[in-house]
Amino acid sequence: DFALSEIFQETLNTYTIANTIYLERNPVTHSIELHSNDVFGDIDIALYNVLGKEVLKYNTLVASKKLTIPVKIPQGIYVLQLKGDGINVIKRIIVK
């Protein structure tokens, strides 16, 4: 005989988004400021122009919920990519 109790022996878990990351402001002028509901940790940062050319890339260890990325690049539209433990975020950035 088939019984649902054989399938559902474990309790169901409710998951929340572990890392919600948002920009403090956009467009930006001298720095990109990001906030998270959790510590960023070890993170890879890459910034691409609209042609897909990588204009910034580095890795850093951030032991806080705020990340500031200095930008000394021409005005324009860029794509910011953040990768780390539990983080894979892409944001459109406007530099003025």
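Residues numbered from 1 in each chain as written. Predicted model: local features only at pLDDT ≥ 70, side-chain atom pairs only at ≥ 80, totals over all residues. Heavy atoms only, no water.

Two elements, strand β3 (residues 41-49) and strand β4 (residues 54-62), share eight bridges in a ladder whose sense is antiparallel. Across the sheet, residue Asp44 finds its bridge partner in β4, namely Asn59. The antiparallel pairing of β3 with β4 creates a hairpin that spans four residues between the two strands, and Gly52 there sits at a positive phi of about 90°. Where β3 lies against strand β6 (residues 76-84), seven bridges are found, and the strand directions are antiparallel. Note on β6: the bridge partner recorded for Ile43 is Gly84. (Pairing = 2+ DSSP bridges. Helix = DSSP H or I, 4+ residues; strand = E, 2+ residues; numbered from the N terminus.)

So, on to the side chain of Asn49. As for its placement among the helices and strands, Asn49 is situated in strand β3. There is a polar contact of 3.0 Å between the side chain of Asn49 and the backbone nitrogen of Leu51. Here Lys53 takes part through its backbone nitrogen, which lies 2.9 Å from a polar atom of the side chain of Asn49. (Polar contact = N/O pair within 3.5 Å; in protein donor to acceptor, adjacent residues only side chain to side chain.)

What follows deals with the sheet that holds strand β7 (residues 87-95). Paired through backbone hydrogen bonds, the strands of a sheet run either parallel or antiparallel to each other. The strand order across the open sheet formed by four strands is β4-β3-β6-β7, and the pairing between neighbours is antiparallel. The open sheet terminates on both sides in strands that have one partner only, identified here as β4 and β7. Across this sheet, the average inter-strand angle for adjacent strands is 20°, counted without regard to direction. (Axes fitted to C-alpha atoms, helices over the stretch in contact; angles between N-to-C directions.)

Counting residues in hydrophobic clusters, the biggest one holds 20 residues, and the most contacted among them are Ile32, Leu34, Phe40, Leu67, Leu80, Leu82 and Ile93. For this core, the secondary structure elements donating two or more residues are β1 (21-23), β2 (31-36), β3, β5 (66-70), β6 and β7. It is β7 that contributes the most residues to this core, four residues altogether. (Core = buried A, V, L, I, M, F, W, Y, C linked by side-chain atoms within 4.5 Å. Buried < 20%, exposed > 50% of the residue type's maximum accessible area, 1.4 Å probe, protein only.)

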